[in-house]
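Next come the chains, spelled out residue by residue.
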Amino acid sequence: MTVADDAATPGPDDGRTTPSGGTTRPRVVLVAAVADNGVIGRGGDIPWRLPEDLRHFREVTTGHTVVMGRVTFDSIGRPLPNRTNVVVTRDPAWTAEGVTVVRSLEEALASTGAEQVMVMGGAQVYEAAMPLADVQVLTEVHQSPDGDTFYPAFDRAEWRETRREPHNGYDFVWLERR
Ligand SMILES: NC(=O)c1ccc[n+]([C@@H]2O[C@H](COP(=O)([O-])OP(=O)(O)OC[C@H]3O[C@@H](n4cnc5c(N)ncnc54)[C@H](OP(=O)(O)O)[C@@H]3O)[C@@H](O)[C@H]2O)c1
């Protein structure tokens, strides 16, 4: 099923539509850079330097709502400019200037007025968001580094590749849930 079909044919269990066709939650877009071996992180950081990917990430997410785990926020250390920053944490005392704090992914989706949210990791948050994801914007990084944090497994057969931009050492890939 495509996103367009989804909007046209409300389903009872998909969580995005009401019986009248109204949208109840935003479109969920996962944005991630994933190595060939599934690694996305090591020691709280990303185990490669790809300035082109950072530029791509900025282009894809600017102007949107980005949702991230508290660990990923800490690794960046500040809100990302020109985006609404939402941080997920279970710690009721946690705050940071310039971010919206939520206690769950569900709260992040319910509390935003945005039409779509960009889920930008890390692994725990990708894991929680994968079942709800409508689109994945992946940078396939053609390396197999050591790492301690992995992108969640997903069934490629459930996803249609709508665009691929090959580059030297990495591809930008867009996947849409069938
Ligand atoms: N390659 C990429 O594209 C990419 C993107 C992002 C991050 N990363 C890397 O991924 C690593 C971090 O990932 P991670 O999995 O360790 O951490 P994370 O997902 O960024 O953050 C985990 C924290 O978020 C909160 N959290 C997660 N799920 C929650 C839920 N369902 N409800 C409430 N709170 C929730 C908890 O915070 P509290 O402990 O405060 O309760 C948890 O400890 C780093 O190495 C980072 O560099 C890579």
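Residues numbered from 1 in each chain as written. Predicted model: local features only at pLDDT ≥ 70, side-chain atom pairs only at ≥ 80, totals over all residues.

Q: I tried to follow unusual backbone geometry on my own but got confused; where do I start?
A: The bulk of non-glycine residues show a negative phi, and the bulk of peptide bonds are trans. Cis geometry is adopted by the peptide bond preceding Gly122, which originates at Gly121 and carries an omega value of 0°. Positive phi, normally seen in glycine, also occurs at Asn82, with a value near 60°. For Asn82, the position within the fold is in the loop between helix H3 (70-76) and strand E4 (84-88). (Helix = DSSP H or I, 4+ residues; strand = E, 2+ residues; numbered from the N terminus.)

Q: Any chance you could explain the site of the ligand here in plain terms?
A: Around the ligand sit 29 residues in total, of which Gly41, Gly69, Thr72, Gly121 and Gly122 are the nearest. Sorting the residues of the shell around the ligand by element identifies strand E1 (27-35), strand E2 (39-41), strand E3 (65-69), H3 and helix H5 (123-129) as the ones contributing at least two each. For the shell around the ligand, the residue count by class is 13 nonpolar, 11 polar and five charged. (Near = placed C-beta within 6 Å. Nonpolar A, V, L, I, M, F, W, Y, C, P; charged D, E, K, R; others polar.)

Q: Explain the nonpolar core to me, please; I cannot follow it from the model alone.
A: Considering soluble globular proteins, one finds that nonpolar side chains tend to be buried as a cluster. Core analysis: the biggest nonpolar cluster contains 37 residues, and Val31, Val67 and Val119 have the highest contact counts within it. Not counting residues up to four positions away in its chain, the partners in contact with Val119 are Val28, Val29, Leu30, Val31, Val67, Val125, Tyr126 and Ala129. (Core = buried A, V, L, I, M, F, W, Y, C linked by C-beta atoms within 7 Å. Buried ≥ 20, exposed ≤ 12 C-beta atoms within 10 Å, placed from the backbone. Contact = placed C-beta atoms within 7 Å.)

Q: Whenever I open this one, the sheet that holds strand E7 (residues 135-141) confuses me. Can you help?
A: The strands making up a sheet are joined through hydrogen bonds of the backbone, oriented either antiparallel or parallel. The eight strands are arranged E5-E4-E3-E6-E1-E7-E10-E9 in an open sheet whose pairing can be described as mixed. The sheet is open, and its two borders are formed by strand E5 (100-102) and strand E9 (159-167), each paired with just one other strand. Here the average twist between neighbouring strands, direction ignored, is 20°. In terms of strand pairing, E4 meets E5 through three bridges, oriented parallel. Looking across to E5, one finds that Val86 is bridged to Thr100. Where helix H2 (residues 51-61) meets the sheet, its contacts fall on E1, E3, strand E6 (116-119), E7, E9 and strand E10 (170-177), and the angle it forms with E1 comes to roughly 180°. (Pairing = 2+ DSSP bridges. Axes fitted to C-alpha atoms, helices over the stretch in contact; angles between N-to-C directions.)

Q: Just to check I follow, could you spell out the pairing of E1 for this structure?
A: In regular strands, side chains alternate between the two faces of the sheet. When you tally the buried positions in E1, you get seven out of nine residues, the bulk of the element. Note: E1 against E6, four bridges, orientation parallel. Opposite Val29, over in E6, you have Met118 as the bridge partner. Here E1 pairs with E7 via seven bridges, running parallel.

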